Amino acid sequence: QDREEKEGVRWSWNLYPQSRLEGTRMVIPLGCLLTPLKEWASVPLLTYEPIRCKTCAAILNPFCEVDYRSKLWVCPFCTARNTFPQHYADISENNLPAELYSQYTTVEYKLGAVAPQFQGQQPMRPLAPPPIFVYVVDVCLPTEGETEALKDALTMSFNLLPENAQVAFITFGTTVQLHEIGNADCSKTWVFRGTKEVTTQQLVEFLSPGKPLNQQPLQQGQPETVPDLPDARRFIGTLSEIEFTLTSLVDDLQPDPWPVPPNHRPLRATGAAVSVAVALLESAYRGFGGRIMTFLAGPCTQGPGQTVSDDLGESLRLHNDLKADTAPYFAKSKRFYDFMVPRCVANGHTVDAFVGSLDQVGVAEMKSLIQGTGGVVLFGDSFTSNQFKGSFHKLFSTGKDGHLRMAFNAAMEVRTTPDWKVAGCIGPCVSRNKKSTSVSESELGIGGTCQWGMSAMDYNTTFALYFDTVGQQGQPLPRGGYRYMQVITRYQHPSGEYRLRATTLPHKISETVNPNDLAQAFDQEASAVLMARIAVFKADTEHLFDVLRWLDRHLIRLVAKFAEYQNNEPSTLRLNPAFALFPQFCYHLRRSEFLQVFNSSPDETANFRIMLDRQTCSNCVLMIQPTLHCYSMKGPPQAVLLDSQSVQPDVILLLDSFFEVCIHHGETIAAWRKAKYQDQPEYEYFRQLLEAPKTDAANIIKDRFPVPRLTDCDQRGSQARILLNKINPSTTHNTNGPQYGQQGGELMYTDDASLQTFMEHLKKLAVQN
């Protein structure tokens, strides 16, 4: 955790063998959880171009060997000797540039900036335009209250955006309406059919009939050509200039006028609206950061991306339908959104989904588009809910510099020393298919490349990187006994500046293969999250049984390697404290909503998996194994086991599972509260007891994005299932209950195996020959 705070990285193993053979015997792969843009006050912002190695293009860093007399530096990645540029002529042991200070393993550069000695001698790189926000608003809202709440949210977001932000506005229902907002004197709306996809070529020809089109090729060597949109400012304008027009447009929003027959859903053209937004940005702001923010109040019922028909007699697809391949629209709709991913990433545009509906809206079909472009999903039962309002407001939070806490049009590249290679990445990104000597032959996650693209990311977006060691048995260790990795992240800052952040990290090579020495270098939390991301990645394409079997095999092999025991004697097994919590994490992961889809819709499962793949290590651990705190009259609040034994009638429990915060009152506490004891002066301590978990829950909600759902429930009430679903069922109807006069915790009616049973089976399998 200390390293995560200092460097934004956590390794599964802080010490790892050099040879490939010994690496395979470690069971848990070597990997790290990296937050490339983590905010630190100590990261220097350098106003000159980075110094790169002439051979491998690695950036100057504190781990380079420097010859101050000859003004040379040796790259640790390829051992090439490089000369310093002219403006480094005064470098010495007592006069170092920032990138050579040992504490600055991460430095950030303003690309296009010029060293102070050479101001005016070379042109500055032009700034990018301000970030572009395209609002894609669903007008098929069920009630007038929903409409007003959505209007308030849109107006609030206009006030939070920077004044120079570029904004476009699209509404959709049965048809798709693209609004001209550049002409305040005469409003005009361009209407597209909701039953067909709108390509970029069609959009430009439709909006600019008879005008010559400027054809330009797409990025990344794509053969197609994309026309530029003449007079794009008719549809995308600067917020400070069009704010009145936008506000008036939102105030005049009306529900979709298309009649809805009885027992039918409204016709909703979500896919067509997204295609119009993608085509608009592709033709007007290609290569510059932008967000397509879709507000969804129900499923798509016509055209591309269709989720379900408009007949209410047809139910929305469930996991069983997807497993049996009986969902009639799912595969076609998923292919439609999958096709948009490379276009959006190549152009630097991301797609967000803001949901205000109790029903599914099609996030499962859009998962690849949202996750691949680095988009955000905000789920709410309604646009009127505090959960949606709070999350939407936090999306536009600003940093200390006054800019939005977002990064646009980013690319992340990994370089390694020759003794290890990158096998893949799991996170909100797509492959850029860049080959280098740092790429492993085996793939884990999104592999086969050393560079990944993401249209947007924030300062907490965390990627899982996996590595292979390629050394040979008996090979001498490199000088210093370290291997090195450099992560280069290039992105567009909200101010319009292009920036590059370089993080160079050492990793200790183990000189021994003694399990006791290696055990002390094991990070249980980071390893659990890295394994969870692999399991979720597999679950998208493999059967759940195969994924659970894969996870169990790795756990058994790990315990068998690092535990002390006598063969075929489970009672003799002793697990090193460095591994004590890992089986517990695996137990809760097997029962979590990331793998167990029972009682979750495909949209909810997609949302859970998207969040697991982008959050920090500590947040992911919280998702896998929630925390439970107990409040009682016997003492101060304290953390207790996530177990049914902790559910007592005279305590209050506070459960934090990242997505939900639940305050659970025991039966006795609930009875006293209903009797109004807290309102009597002599029971002031009881009132304070009731307020304590509420205060702590409010602090949790205040600091978290997205805002979790808050539930206040009583023991054996209907909402108590939220707590019971997460805790270990150590006392069930199949176990021996507590003796008379003893408090044995909550009796749970479930067939799920308890943690104790899980550990007994694990011990039995681990000690087998």
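Residues numbered from 1 in each chain as written. Predicted model: local features only at pLDDT ≥ 70, side-chain atom pairs only at ≥ 80, totals over all residues. Heavy atoms only, no water.

**Here's the deal with the overall build of the protein chain**
Here is step 1: Broken down by element type, the protein chain carries 20 helices and 32 strands.
Here is step 2: On C-alpha atoms alone, the protein chain measures out to a radius of gyration of 28 Å, which is about the 27 Å that the 2.2 N^0.38 rule sets for 769 residues.
Here is step 3: Counting over 769 residues, the protein chain shows a buried share of 57%.
Here is step 4: Considering only contacts within the protein chain whose residues lie at least 6 apart along the sequence, 72% involve residues at least 24 apart. (Helix = DSSP H or I, 4+ residues; strand = E, 2+ residues; numbered from the N terminus. Rg over C-alpha atoms; globule rule 2.2 N^0.38 Å. Buried < 20%, exposed > 50% of the residue type's maximum accessible area, 1.4 Å probe, protein only. Contact = heavy atoms within 4.5 Å.)

**Re the side chain of Gln615**
Here is step 1: Its place among the elements puts Gln615 in the loop between helix H15 (602–612) and helix H16 (617–624).
Here is step 2: Given the relative accessible area of 8%, Gln615 is considered buried.
Here is step 3: In contact with Gln615, not counting residues within four places along its chain, are Asn460, Thr462, Arg533, Cys620, Met623, Phe658, Phe705 and Pro706.

**Description of the sheet that holds strand E5 (residues 65–67)**
Here is step 1: Strand order in the open sheet formed by three strands is E5-E6-E7, with antiparallel pairing between adjacent strands. Edge positions in the sheet fall to E5 and strand E7 (81–83), since each of these pairs with one other strand and no more. In this sheet, adjacent strand axes meet at a mean angle of 25 degrees when their direction is disregarded.
Here is step 2: Across three bridges, strand E6 (residues 72–74) lies against E7 in antiparallel orientation. By the bridge assignment for E7, Trp73 is matched with Asn82. (Pairing = 2+ DSSP bridges. Axes fitted to C-alpha atoms, helices over the stretch in contact; angles between N-to-C directions.)

**A few points about the environment of Leu72**
Here is step 1: Secondary-structure assignment places Leu72 in strand E6.
Here is step 2: In this view, Leu72 contacts Glu65, Val66, Asp67, Arg81, Asn82, Thr83 and Phe84; residues no more than four positions away in its chain are not counted.

**Considering the pairing of strand E23 (residues 463–469)**
Here is step 1: Extensive coverage of E23 is indicated by the burial of seven of its seven residues.
Here is step 2: Burial along E23 is two-sided: Phe463, Leu465, Phe467 and Thr469 and Ala464, Tyr466 and Asp468, pointing in opposite directions, are all buried.
Here is step 3: As judged from the five bridges shared by strand E3 (residues 30–34) and E23, these two strands associate in the antiparallel manner. By the bridge assignment for E23, Leu34 is matched with Phe463.
Here is step 4: Inspection of the sheet shows strand E20 (residues 420–426) paired to E23 by six bridges, in the antiparallel sense. Note that in E23 the partner of Cys425 across the bridge is Leu465.

**A look at the packing of helix H9 (residues 363–372) against H15**
Here is step 1: Packing of H9 against H15 leaves a shortest axis separation of 8 Å and a crossing angle of 20 degrees. Relative to H15, the element H9 is oriented roughly parallel. Here H9 runs over H15; the crossing is right-handed. Residue-level contacts link Val363, Ala364, Lys367, Ile370 and Gln371 of H9 to Pro602, Asp603, Ala606, Arg609 and Ile610 of H15.
Here is step 2: Here the contact of H9 with H15 is composed, by residue class, of six nonpolar, one polar and three charged. (Parallel < 35°, antiparallel > 145°, perpendicular 65-115°, else oblique. Left-handed = near helix turned anticlockwise from the far one by under 90°. Nonpolar A, V, L, I, M, F, W, Y, C, P; charged D, E, K, R; others polar.)

**Quick notes on the packing of aromatic side chains**
Here is step 1: For the structure on display, the rule yields 36 aromatic pairs.
Here is step 2: For the pair Trp11 and Phe467, a centre-to-centre distance of 5.9 Å together with 40 degrees between the ring planes defines the contact as tilted. Linking Trp11 in strand E1 (residues 9–11) with Phe467 in strand E23, this pair joins segments that are 456 residues apart in sequence.
Here is step 3: Under the relative-accessibility criterion, Phe467 is labelled buried at 3%. (Phe/Tyr/Trp six-rings, centres within 6.5 Å; stacked < 30°, edge-to-face > 60°.)

**Considerations on unusual backbone geometry**
Here is step 1: The linkage connecting Phe705 with the following residue, Pro706, adopts the cis geometry, with an omega of -5 degrees.
Here is step 2: For Pro706, the location among the structural elements is in the loop between helix H18 (684–702) and strand E32 (709–714).
Here is step 3: Its identity as a non-glycine residue notwithstanding, Val27 has a phi of 70 degrees, on the positive side.
Here is step 4: Within the secondary structure, Val27 is located in the loop between helix H2 (20–24) and E3.

**Things to note about helix H6 (residues 270–284)**
Here is step 1: If you check H6, its first and last C-alpha atoms are 21 Å apart, about what 15 residues at 1.5 Å a residue would give, namely 21 Å.
Here is step 2: With 14 of its 15 residues buried, H6 lies for the most part within the structure. (Expected span 1.5 Å × (residues − 1).)

**What about helix H3 (residues 144–160)?**
Here is step 1: Compared with an ideal rise of 1.5 Å per residue, which puts 17 residues at 24 Å, H3 spans 25 Å between its outermost C-alpha atoms and is within 8% of the ideal.
Here is step 2: By the burial criterion, the buried members of H3 are Glu146, Thr147, Ala149, Leu150, Lys151, Ala153, Leu154, Ser157 and Phe158.
Here is step 3: Packing partners of the buried residues in H3 comprise strand E9 (132–138), strand E10 (166–172), helix H5 (239–251), strand E16 (290–296), strand E17 (349–356) and helix H10 (386–395).

**Observations regarding the sheet that holds E32**
Here is step 1: Taken together, five strands build an open sheet; the order of strands is E29-E28-E30-E31-E32 and the sheet is mixed. Because the sheet does not close on itself, it has two edges, and the strands there are strand E29 (635–639) and E32. Direction aside, neighbouring strands of the sheet carry axes that sit 15 degrees apart on average.
Here is step 2: Sheet strands in contact with helix H17 (residues 667–674) are strand E30 (652–656), strand E31 (660–665) and E32, and its direction is about 80 degrees off that of E31.

**Regarding the state of the cysteines**
Here is step 1: Applying the stated criterion to the full structure yields zero disulfides.
Here is step 2: A disulfide-free cysteine, Cys53 has its sulfur positioned 3.5 Å from the sulfur of Cys78, the nearest such atom.
Here is step 3: What makes Cys53 buried here is its relative accessible area of 4%. (Disulfide = S-S within 2.5 Å.)

**Thoughts on the environment of Gln254**
Here is step 1: In this fold, Gln254 is placed in the loop between H5 and H6.
Here is step 2: Given a relative accessible area of 54%, Gln254 falls into the exposed group.

**Regarding the pattern of salt bridges**
Here is step 1: Considering all chains together, one arrives at 34 salt bridges under this definition.
Here is step 2: A salt bridge links Glu282 to Arg343, with the shortest nitrogen-to-oxygen separation between them at 2.8 Å. In this pair, Glu282 sits in helix H6 while Arg343 sits in helix H8 (residues 330–347), placing the two residues 61 residues apart along the sequence.
Here is step 3: Classification of Glu282 by relative accessible area gives buried; the value is 3%.
Here is step 4: A residue is classified by how much of its surface remains accessible, and Arg343, at 12% relative accessible area, is buried.
Here is step 5: Close ionic contact of Arg317 with Asp603 constitutes a salt bridge, the shortest N to O distance being 2.9 Å. Taken together, the residues Arg317 in the loop between E16 and helix H7 (319–324) and Asp603 in helix H15 connect sequence positions 286 residues apart. Asp603 matches Arg317 in its accessibility class, with the two residues each being buried. (Salt bridge = Lys/Arg side-chain N within 4 Å of Asp/Glu carboxyl O.)

**What about the packing of helix H4 (residues 200–207) against H6?**
Here is step 1: Two elements in contact, H4 and H6, have axes separated by 9 Å at closest approach and are oriented at 75 degrees. Taken as axis vectors, H4 and H6 run roughly perpendicular relative to one another. Here Thr200, Leu203 and Val204 of H4 lie close against H6, whose contacting residues are Val276, Ala279, Leu280, Glu282 and Ser283.
Here is step 2: Within the contact of H4 with H6, the residues separate by chemical class into five nonpolar, two polar and one charged.

**Here we look at the nonpolar core**
Here is step 1: Ranked by internal contacts, the top residues of the largest apolar core, which has 85 residues, are Trp13, Leu465, Phe467 and Met485.
Here is step 2: Of the residues forming this core, the biggest block, 10 residues, is contributed by helix H12 (residues 524–539).
Here is step 3: If we skip the residues at most four places from it in the chain, Leu465 touches Leu30, Gly31, Cys32, Leu34, Met412, Val414, Gly424, Cys425, Trp452, Met485 and Val487.
Here is step 4: Leu178, Val198, Val276 and Val345 belong to the second-largest nonpolar core, a separate cluster that totals 52 residues. (Core = buried A, V, L, I, M, F, W, Y, C linked by side-chain atoms within 4.5 Å.)

**What to know about the environment of Ala128**
Here is step 1: Along the polypeptide, Ala128 turns up in the loop between strand E8 (106–110) and E9.
Here is step 2: The sequence separation of Ala128 and Gly289 amounts to 161 residues, and the corresponding C-alpha distance is 8.5 Å.

**Some details on the confidence of the model for the protein chain**
Here is step 1: For the protein chain, the mean per-residue pLDDT works out to 91, and 94% of the residues sit at or above 70.
Here is step 2: Across the protein chain, E30 holds the top mean pLDDT of 98, while strand E13 (residues 215–217) sits lowest at 48.
Here is step 3: Residue range residues 216–224 is modelled with pLDDT below 50. Its contacts to residues more than four positions away, or to other chains, number 18 contacts. (pLDDT = per-residue confidence, 0-100.)

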